[in-house]
Amino acid sequence: QLQDVIDIKSPVELGGLNSDAYLALNPLAKMPVLQLEDGSGLPESQVIESYLLDKYVDRAPSLVPATPELRARASLIVRILDVYINSIQGCMYKPMDSKSERAAQIGQIAKQLDVLEGYVVGPYATGDDVSYADTALVPTFVFMHFILPKFFGWPSLWEERPKLEKWWGLMNEDPEVKQVIR
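Residues numbered from 1 in each chain as written. Predicted model: local features only at pLDDT ≥ 70, side-chain atom pairs only at ≥ 80, totals over all residues. Heavy atoms only, no water.

Q: Please clarify how the packing of aromatic side chains should be interpreted in this entry.
A: Between two aromatic rings, the relevant description is the distance of the centres plus the angle of the planes. Under the defined criterion, the tally for this structure stands at seven aromatic pairs. With a centroid separation of 6.1 Å and an interplanar angle of 75 degrees, the aromatic rings of F146 and F151 are classed as edge-to-face. On the accessibility criterion, F146 (46% relative accessible area) is partly exposed. Residue classification places F151 among the exposed residues on the basis of a relative accessible area of 52%. Site record: aromatic cluster; members linked through ring pairs are F141, W158, W167 and W168. (Phe/Tyr/Trp six-rings, centres within 6.5 Å; stacked < 30°, edge-to-face > 60°. Buried < 20%, exposed > 50% of the residue type's maximum accessible area, 1.4 Å probe, protein only.)

Right, dumping it as C-alpha coordinates:
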(Lines give C-alpha, C1' and ligand atoms only; values in the text may rest on other atoms or scores of the structure.)
Protein backbone atom coordinates (compact mmCIF):
# COMPACT_ATOMS: atom_id res chain seq x y z
CA GLN A 1 0.00 0.00 0.00
CA LEU A 2 2.47 2.55 -1.22
CA GLN A 3 0.36 4.08 -3.99
CA ASP A 4 0.55 7.46 -2.27
CA VAL A 5 4.37 7.54 -2.48
CA ILE A 6 5.15 5.56 -5.63
CA ASP A 7 4.04 6.52 -9.12
CA ILE A 8 3.95 3.43 -11.34
CA LYS A 9 4.72 4.02 -15.00
CA SER A 10 5.14 1.80 -18.00
CA PRO A 11 8.57 1.88 -19.69
CA VAL A 12 6.65 3.05 -22.76
CA GLU A 13 6.10 6.39 -21.00
CA LEU A 14 9.88 6.83 -21.00
CA GLY A 15 10.26 5.77 -24.64
CA GLY A 16 10.66 2.02 -24.08
CA LEU A 17 13.23 -0.25 -22.47
CA ASN A 18 15.98 0.80 -24.89
CA SER A 19 15.32 4.54 -24.79
CA ASP A 20 17.98 6.87 -23.44
CA ALA A 21 15.63 7.93 -20.61
CA TYR A 22 15.02 4.33 -19.50
CA LEU A 23 18.65 3.27 -19.92
CA ALA A 24 19.69 6.19 -17.71
CA LEU A 25 17.62 4.59 -14.94
CA ASN A 26 18.44 0.98 -15.75
CA PRO A 27 21.35 0.26 -18.09
CA LEU A 28 20.30 -3.41 -18.03
CA ALA A 29 17.25 -2.44 -20.14
CA LYS A 30 15.06 -4.72 -18.04
CA MET A 31 11.99 -4.28 -15.88
CA PRO A 32 11.45 -3.23 -13.20
CA VAL A 33 13.30 -0.15 -12.09
CA LEU A 34 12.48 2.18 -9.22
CA GLN A 35 13.38 5.82 -9.65
CA LEU A 36 14.65 7.11 -6.34
CA GLU A 37 14.09 10.61 -4.96
CA ASP A 38 17.53 11.73 -6.19
CA GLY A 39 16.57 10.70 -9.75
CA SER A 40 18.76 7.61 -9.90
CA GLY A 41 17.41 4.21 -10.81
CA LEU A 42 17.31 1.09 -8.65
CA PRO A 43 16.83 -2.06 -10.79
CA GLU A 44 16.06 -5.69 -9.90
CA SER A 45 12.89 -6.84 -8.18
CA GLN A 46 14.50 -8.30 -5.08
CA VAL A 47 16.66 -5.22 -4.55
CA ILE A 48 13.66 -2.91 -4.99
CA GLU A 49 11.62 -5.08 -2.63
CA SER A 50 14.32 -5.00 0.06
CA TYR A 51 14.69 -1.25 -0.29
CA LEU A 52 10.94 -0.62 0.01
CA LEU A 53 10.57 -2.97 2.99
CA ASP A 54 13.38 -1.13 4.73
CA LYS A 55 12.32 2.40 3.78
CA TYR A 56 8.67 1.88 4.74
CA VAL A 57 9.17 -0.45 7.69
CA ASP A 58 6.60 1.50 9.73
CA ARG A 59 3.78 0.99 7.20
CA ALA A 60 1.28 -1.80 7.75
CA PRO A 61 1.22 -4.54 6.79
CA SER A 62 4.95 -4.95 7.16
CA LEU A 63 5.22 -7.99 4.83
CA VAL A 64 8.27 -9.11 6.82
CA PRO A 65 7.77 -12.51 8.47
CA ALA A 66 7.93 -12.52 12.27
CA THR A 67 10.79 -14.98 12.84
CA PRO A 68 14.26 -15.50 11.36
CA GLU A 69 13.16 -18.94 10.14
CA LEU A 70 10.15 -17.54 8.28
CA ARG A 71 12.22 -14.66 6.87
CA ALA A 72 14.73 -17.21 5.58
CA ARG A 73 11.90 -19.24 4.04
CA ALA A 74 10.51 -16.10 2.38
CA SER A 75 13.96 -15.29 0.98
CA LEU A 76 14.35 -18.85 -0.28
CA ILE A 77 10.98 -18.77 -2.02
CA VAL A 78 11.86 -15.48 -3.71
CA ARG A 79 15.28 -16.83 -4.68
CA ILE A 80 13.76 -19.96 -6.26
CA LEU A 81 11.33 -17.76 -8.18
CA ASP A 82 14.05 -15.40 -9.43
CA VAL A 83 16.79 -17.90 -10.22
CA TYR A 84 14.90 -20.97 -11.38
CA ILE A 85 11.60 -19.69 -12.82
CA ASN A 86 11.90 -16.05 -13.85
CA SER A 87 15.26 -16.69 -15.48
CA ILE A 88 13.63 -19.09 -17.99
CA GLN A 89 10.08 -17.78 -18.19
CA GLY A 90 10.84 -16.44 -21.66
CA CYS A 91 10.37 -20.00 -22.91
CA MET A 92 6.63 -19.36 -22.62
CA TYR A 93 6.61 -16.47 -25.11
CA LYS A 94 9.96 -15.85 -26.83
CA PRO A 95 11.07 -17.50 -30.07
CA MET A 96 13.40 -20.43 -29.39
CA ASP A 97 15.77 -22.41 -31.58
CA SER A 98 14.07 -25.74 -30.96
CA LYS A 99 10.88 -27.26 -29.62
CA SER A 100 12.93 -29.57 -27.43
CA GLU A 101 14.68 -26.64 -25.77
CA ARG A 102 11.32 -25.00 -25.07
CA ALA A 103 9.89 -28.27 -23.76
CA ALA A 104 12.88 -28.75 -21.46
CA GLN A 105 12.48 -25.27 -19.99
CA ILE A 106 8.71 -25.69 -19.58
CA GLY A 107 9.55 -28.94 -17.77
CA GLN A 108 11.93 -27.01 -15.50
CA ILE A 109 9.15 -24.57 -14.65
CA ALA A 110 6.97 -27.53 -13.65
CA LYS A 111 9.80 -28.93 -11.52
CA GLN A 112 10.36 -25.61 -9.77
CA LEU A 113 6.64 -25.27 -9.07
CA ASP A 114 6.91 -28.64 -7.32
CA VAL A 115 9.88 -27.31 -5.34
CA LEU A 116 7.89 -24.22 -4.35
CA GLU A 117 5.01 -26.46 -3.27
CA GLY A 118 7.41 -28.03 -0.80
CA TYR A 119 8.48 -24.70 0.67
CA VAL A 120 5.13 -22.93 0.86
CA VAL A 121 3.82 -23.21 4.42
CA GLY A 122 0.23 -22.16 3.86
CA PRO A 123 -2.12 -20.55 3.79
CA TYR A 124 0.27 -17.79 2.69
CA ALA A 125 3.79 -18.56 1.45
CA THR A 126 5.33 -18.34 4.92
CA GLY A 127 2.35 -19.05 7.15
CA ASP A 128 -0.60 -17.15 8.53
CA ASP A 129 0.44 -13.67 7.36
CA VAL A 130 1.09 -12.25 3.93
CA SER A 131 4.78 -11.59 3.30
CA TYR A 132 7.10 -10.26 0.66
CA ALA A 133 7.34 -13.82 -0.70
CA ASP A 134 3.66 -13.64 -1.61
CA THR A 135 4.05 -10.27 -3.31
CA ALA A 136 7.02 -11.57 -5.30
CA LEU A 137 5.17 -14.69 -6.47
CA VAL A 138 1.92 -13.09 -7.59
CA PRO A 139 2.98 -11.35 -10.85
CA THR A 140 4.72 -14.44 -12.20
CA PHE A 141 1.83 -16.68 -11.18
CA VAL A 142 -0.67 -14.37 -12.92
CA PHE A 143 1.38 -14.81 -16.05
CA MET A 144 1.89 -18.58 -15.74
CA HIS A 145 -1.76 -19.17 -14.78
CA PHE A 146 -2.80 -17.65 -18.10
CA ILE A 147 -0.09 -18.88 -20.47
CA LEU A 148 0.67 -22.46 -19.43
CA PRO A 149 -2.89 -23.80 -19.70
CA LYS A 150 -3.82 -21.73 -22.76
CA PHE A 151 -0.71 -22.26 -24.89
CA PHE A 152 0.94 -25.36 -23.46
CA GLY A 153 -2.08 -27.48 -22.61
CA TRP A 154 -1.52 -27.69 -18.88
CA PRO A 155 -4.80 -28.72 -17.28
CA SER A 156 -3.85 -26.58 -14.28
CA LEU A 157 -0.85 -25.13 -12.48
CA TRP A 158 -2.22 -26.71 -9.34
CA GLU A 159 -2.27 -30.39 -10.24
CA GLU A 160 -0.59 -32.12 -7.29
CA ARG A 161 0.19 -28.72 -5.78
CA PRO A 162 -2.57 -28.23 -3.18
CA LYS A 163 -0.70 -25.67 -1.06
CA LEU A 164 -0.04 -23.48 -4.09
CA GLU A 165 -3.65 -23.89 -5.21
CA LYS A 166 -4.96 -22.80 -1.81
CA TRP A 167 -2.45 -19.93 -1.79
CA TRP A 168 -3.57 -18.80 -5.27
CA GLY A 169 -7.22 -18.82 -4.21
CA LEU A 170 -6.39 -16.75 -1.14
CA MET A 171 -4.28 -14.29 -3.13
CA ASN A 172 -7.10 -13.86 -5.65
CA GLU A 173 -9.32 -12.59 -2.83
CA ASP A 174 -6.84 -9.88 -1.78
CA PRO A 175 -7.88 -6.38 -2.97
CA GLU A 176 -4.33 -5.35 -3.93
CA VAL A 177 -3.75 -8.59 -5.83
CA LYS A 178 -7.00 -8.05 -7.72
CA GLN A 179 -5.48 -4.80 -9.02
CA VAL A 180 -2.51 -6.74 -10.40
CA ILE A 181 -4.63 -9.49 -11.95
CA ARG A 182 -7.03 -7.24 -13.82
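Q: Before we go on, may I ask you to explain the side chain of Q112 in this structure?
A: As for its placement among the helices and strands, Q112 is situated in helix 4 (residues 99-119). The exposure class assigned to Q112 is buried, which follows from its relative accessible area of 7%. Leave out the neighbours within four places in its chain, and Q112 touches I80, Y84 and I85. (Helix = DSSP H or I, 4+ residues; strand = E, 2+ residues; numbered from the N terminus. Contact = heavy atoms within 4.5 Å.)

Q: What's the story with the packing of helix 3 (residues 68-86) against helix 5 (residues 132-152) in this structure? I'm lost.
A: Packed helices, taken two at a time, are described by their axes: the angle between them and the distance between them. Look at helix 3 against helix 5: their axes get within 8 Å of each other, and the N-to-C directions meet at 25 degrees. It follows from the interaxial angle that helix 3 and helix 5 lie roughly parallel. Classified by chirality, the crossing of helix 5 by helix 3 is left-handed. Each of R71, A74, S75, I77, V78, L81, I85 and N86 in helix 3 lies in contact with helix 5, whose residues at this interface are Y132, A133, A136, L137, T140 and M144. Class assignment for the residues of the contact of helix 3 with helix 5 results in ten nonpolar, three polar and one charged. (Axes fitted to C-alpha atoms, helices over the stretch in contact; angles between N-to-C directions. Parallel < 35°, antiparallel > 145°, perpendicular 65-115°, else oblique. Left-handed = near helix turned anticlockwise from the far one by under 90°. Nonpolar A, V, L, I, M, F, W, Y, C, P; charged D, E, K, R; others polar.)

Q: Mind showing me how you'd approach the side chain of T140 here?
A: With respect to the element layout, T140 can be found in helix 5. Of the residues examined, T140 reaches a relative accessible area of 8% and is grouped as buried. At 2.9 Å, the side chain of T140 and the side chain of N86 are in polar contact. The residues contacting T140, other than those within four sequence positions of it, are L81, I85, N86 and Q89. (Polar contact = N/O pair within 3.5 Å; in protein donor to acceptor, adjacent residues only side chain to side chain.)

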